[in-house]
Amino acid sequence: MTTHPSTPAIEVTGLRKRYGDKRAVDGLDLQVDRGEIVAILGPNGAGKTTTVEILEGYRRRDDGVVRVLGDDPATAGRAWRSRIGVVLQGTDDLAEASVGELVRHFARFFPSPRDADEVIDAVGLREKVRTRARQLSGGQRRRLDVALGIVGRPELLFLDEPTTGFDPQARRSFWDLVESLRSDGTTILLTTHYLEEAERLADRVVVVAGGTVVAQGPPDQLGGRTARRAVVRWDEDGRTHEVRTDAPTHVVAGLAARLDEIPGLQVLRPTLEDVYLGLLQDAHVPATERQEAVR
Amino acid sequence: MTTTTTTRTTPTAPVGALPGPLPLGLTRAGYELRLFFRERDAVVFVFAYPVIMLAIFAAVFGQDGATVTTQGGAEIPFAQYFLPGMVATGIMLSSFQSLAISIAVERDEGGLKRLRGTPLPATAYFAGKVGQVLGVSLLQNAVLLVVAASAFGVTLPTTATAWATFVWVFVLGTACGSVCGVAFSSVPRSGRSASAVVTPIVLVLQFISGVFFPFDQLPSWMQGLASVFPLRWLVEGMSAVFVPTGSGASGQHGTTALVLGAWLAAGLVVGVRTFRWRRRDDG
């Protein structure tokens, strides 16, 4: 059961899953190394959740090779489950149990759990330890979800849209929590709609559209040089001109020589959001879905 | 964010052994029992219901020491006549109604899916449910019998045969109700509709199975319909325990065992085939 630490945490080749006529996942490849934090971005219906739920062992694949911590999730047993942590989205259970009871109860399912009190401290719920889950705020409930996901000391943690509905402060303290898991060496696969979150947390961003990976790379290199070209913008002859270039300094120097003072000069670097939206456009994702893909 | 990942430490692989299904089942049972008694709905409509109904009916119909004449010609307090139906109802509520509703809600709210993502084995989950049902049911019956004996003058049986009958009917009835409850939990379309779907079925069964009205006074088609379902036979079995001079019910033990056993087997087959950890609309 124990796999060599140098094998990737997740290896996916040619993954396919069909629902009726719809190809939800259509030849997806993905590799996540040990200790890496990878964010999956993509519009609704891109196949993110289907892919992640196949990796978690909830769904069966139609085709392709999947290895998660060296095992096939479709057939892996309890020992494998004890090495992963799953934080789902959209669960609304747990109502009448207290934070402390839940974390301690879930800890008992695992062979070498973290200390329940340490976990409760880590997610910032110490004051709520006796509070029933029903009485927690949305953000506190989400942190409880994370507590239950990490109490088993997982080698690999799945976080499905962990900060949806958080206020900015709660989101920032959640990011600190993820950073601390990173320093413990936990591998994390994160799906998110927030580009700021992906930029802040992920070593690598994987963009999924139409059931396949359309781009991947570190957040500051996503899309390659072409997508990251600077835009030089200025006003001349009563209208705005725009040039995409790898050498903005050169362009500006040329303009300065010609115009002396350049009216309305702007040199713009594309944000991750610009790059991401450009990638979705290239993948023929309709404009309405692109708008929804960025929150 | 361009740092390489090679310098990070890998978390140590779990060194402890996986907890066994039996201790986990006990853990689950304790947890489920604790949570059961925190749900006000469950405490009133599952746990306390038979006791409340016994008290109401015995107070209304048993005024001024009114008695019932059994088919054997014996005079017994009304509460004694009414008790078997309430014991049977309690068993059905604690097993069938409680599980059908609570599992439907757990599935709908994502609790089952969450558990499926942990190393908790399915056997431990169901063992926990069985433990919860047994705990609630035993406590409920104890309260029911103590209230009946102390407040309504019911004479409890003294023979070992009667108690042996109580035990096997209780165990078989609880097992049958639990298994059917798990199977039926897939019927309600949502957690919110679960009690609206399950409760009327249980209520109708109570009316046609001789819980509120004497069974032999019901129209014969109703008797025939009720005889297909387990509750009528649970009442029959418990009548033989608590109304010993009754309608010679002990002669029906074979049928009671047969019907409860058949529902147990059918519930198992259907339950194993239809049980889902996820909502129907969740792929």
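None of these values were measured; they are calculated from a predicted model.

**Q** Looking at this model, I keep getting lost on the overall build of chain B. Mind explaining?
**A** What chain B contains, in helices and strands, is ten helices and two strands. For chain B, the N- to C-terminal ordering of α and β elements is α-α-β-β-α-α-α-α-α-α-α-α. Along the first, second and third principal axes, the C-alpha set of chain B runs to 90 × 35 × 35 Å. Across the 283 residues of chain B, 48% fall into the buried class. Sequence-distant contacts in chain B: of pairs separated by 6 or more residues, those separated by 24 or more amount to 77%. Approximately 12,900 Å² of chain B is accessible, and the part contributed by carbon and sulfur atoms is 67%. Looking at chain B, you have 18 positive and 12 negative side-chain charges, and the mean spots of the two groups are 16 Å apart.

**Q** Explanation requested: the overall build of chain A in the structure shown.
**A** The helix and strand inventory of chain A stands at eleven helices and twelve strands. The principal-axis extents of the C-alpha atoms in chain A amount to approximately 75 × 45 × 35 Å. Once local pairs closer than 6 in sequence are excluded, the contacts in chain A between residues at least 24 apart make up 65%. Summing over all exposed atoms, chain A offers an accessible surface of approximately 13,000 Å²; the carbon and sulfur share of this is 45%. In chain A, 41 side chains carry a positive charge and 46 a negative one; their mean positions are 4 Å apart.

**Q** Looking at this structure, how should I read the environment of Arg130 of chain A?
**A** In this structure, Arg130 of chain A sits in the loop between helix 4 (116-122) and helix 5 (138-150). On the accessibility criterion, Arg130 of chain A (78% relative accessible area) is exposed.

**Q** Where do I start with the side chain of Thr192 of chain A in this structure?
**A** Residue and element names in this part refer to chain A. As for its placement among the helices and strands, Thr192 is situated in the loop between strand 7 (187-191) and helix 7 (195-201). A distance of 3.0 Å separates a polar side-chain atom of Thr192 from the backbone nitrogen of Tyr194. Polar side-chain contacts of Thr192 include one of 2.9 Å to the side chain of Glu197. Setting aside residues up to four positions removed in sequence, Thr192 forms contacts with Ile40, Leu41, Glu197 and Ala198.

**Q** Is there a simple way to think about the domain arrangement of chain A in this case?
**A** You'll often see interface size given as the accessible area lost when the parts meet. Residues and elements named next belong to chain A. Domain parsing of chain A yields domain 1 (10-217) and domain 2 (224-293). Here domain 1 and domain 2 have C-alpha centroids that lie 36 Å from each other. Of the roughly 930 Å² buried between domain 1 and domain 2, counting both surfaces, carbon and sulfur atoms make up 75%. Linking domain 1 to domain 2 there are one residue pair in polar contact (both at pLDDT 80 or more). Contributing elements (two or more residues each) for the side of domain 1 that touches domain 2: helix 7, strand 8 (204-209) and strand 9 (212-217). Taken together, the residues of the side of domain 1 that touches domain 2 break down into seven nonpolar, three polar and one charged.

**Q** I'm lost on the sheet that holds strand 2 (residues 22-32) of chain A in this one. Help?
**A** Residues and elements named next belong to chain A. Spatial strand order, 2-1-4: three strands in an open sheet with antiparallel pairing. One side of each edge strand has no neighbouring strand; the edge strands of this open sheet are strand 2 and strand 4 (63-68). The mean inter-strand angle of the sheet, taken between neighbouring strand axes irrespective of direction, is 25°. Direction of pairing for strand 1 (residues 10-19) relative to strand 4: antiparallel, over a ladder of five bridges.

**Q** How should the UniProt feature "transmembrane region" (unreviewed entry) in chain B be read in this particular structure?
**A** Residue and element names in this part refer to chain B. Mapped onto this structure's residue numbering, the UniProt feature "transmembrane region" (unreviewed entry) falls at residues 42-61, 81-105, 126-154, 160-184, 196-215 and 257-275. Summarising residues 42-61: 100% helix, 0% strand, and an end-to-end C-alpha distance of 27 Å. Strand forms 0% of residues 160-184 and helix 100%; the C-alpha atoms that close the span are 35 Å apart.

**Q** It is not clear to me how the UniProt feature "domain: ABC transporter" (unreviewed entry) in chain A should be interpreted in this structure. Could you clarify?
**A** As recorded in UniProt, the sites labelled "domain: ABC transporter" (unreviewed entry) are residues 10-235 of chain A. Annotation note: span residues 10-235 of chain A, helix share 30%, strand share 28%, distance between end C-alpha atoms 50 Å.

**Q** In this structure, what is going on with a nonpolar patch on the surface? I would like to understand it.
**A** A surface patch of nonpolar side chains, about 530 Å² in accessible area, is lined by Val44, Phe45, Ile52, Ile56, Val60 and Phe61 of chain B. Summarising the element assignment, Phe45 of chain B is placed in helix 2 (residues 40-61).

**Q** In this structure, what is going on with the sheet that holds strand 12 (residues 266-268) of chain A? I would like to understand it.
**A** Backbone-to-backbone hydrogen bonds join strands into a sheet, with any given pair of strands oriented parallel or antiparallel. Residue and element names in this part refer to chain A. Ordered in space as 11-10-12, the three strands form an open sheet in which the pairing is antiparallel. Single-partner strands in this sheet number two, and they are strand 11 (239-245) and strand 12. Ignoring strand direction, the axes of neighbouring strands in this sheet form an average angle of 20°. Inspection of the sheet shows strand 10 (residues 230-236) paired to strand 11 by seven bridges, in the antiparallel sense. Its bridge partner being in strand 11, Val232 is matched across the sheet by Val243.

**Q** Sorry, what's going on with the interface of chain A and chain B here?
**A** With 48 residues of chain A in contact, the opposing surface of chain B contributes 39 residues. Between chain A and chain B lies a buried interface of about 3,900 Å² when both sides are counted; carbon and sulfur atoms form 57% of it. By the criterion of area lost to chain B, the three top residues of chain A are Tyr58, Arg78 and Phe109 of chain A, representing 18% of everything that side buries. Our enumeration of links across chain A and chain B arrives at five salt bridges. Measuring nitrogen to oxygen at the nearest pair gives 2.9 Å for the salt bridge that ties Arg114 of chain B to Asp145 of chain A. Sorting the residues of the side of chain A that touches chain B by element identifies helix 2 (78-81), helix 3 (99-107), helix 5, helix 6 (168-183) and helix 7 of chain A as the ones contributing at least two each. Broken down by element, the side of chain A that touches chain B gets its largest block of residues, four residues, from helix 3 of chain A. For the side of chain A that touches chain B, the residue count by class is 15 nonpolar, eleven polar and 22 charged.

**Q** Sorry if this is basic, but what is going on with unusual backbone geometry here?
**A** If a residue is not glycine, its phi is most likely negative; likewise, a peptide bond is most likely trans. Even without being glycine, Glu161 of chain A reaches a positive phi, approximately 45°. Note on placement: Glu161 of chain A falls in the loop between strand 6 (156-160) and helix 6.

Rules behind the numbers
Residues numbered from 1 in each chain as written. Chains lettered and ligands numbered in written order. Predicted model: local features only at pLDDT ≥ 70, side-chain atom pairs only at ≥ 80, totals over all residues. Heavy atoms only, no water. Helix = DSSP H or I, 4+ residues; strand = E, 2+ residues; numbered from the N terminus. Buried < 20%, exposed > 50% of the residue type's maximum accessible area, 1.4 Å probe, protein only. Contact = heavy atoms within 4.5 Å. Areas by Shrake-Rupley, 256 points an atom, 1.4 Å probe, with all protein chains shown as cover. Lys, Arg positive; Asp, Glu negative; His and termini not counted. Charge placed at Lys NZ, Arg CZ, Asp CG, Glu CD. Polar contact = N/O pair within 3.5 Å; in protein donor to acceptor, adjacent residues only side chain to side chain. Domains from an automatic or database assignment. Buried area = accessible area lost by both parts, 1.4 Å probe. Nonpolar A, V, L, I, M, F, W, Y, C, P; charged D, E, K, R; others polar. Pairing = 2+ DSSP bridges. Axes fitted to C-alpha atoms, helices over the stretch in contact; angles between N-to-C directions. UniProt positions renumbered as here; feature names shortened; annotations may be inferred. Patch = residues over 30% accessible without salt bridge, like charges linked within 9 Å, V, L, I, M, F, W, Y side chains within 5 Å. Salt bridge = Lys/Arg side-chain N within 4 Å of Asp/Glu carboxyl O.

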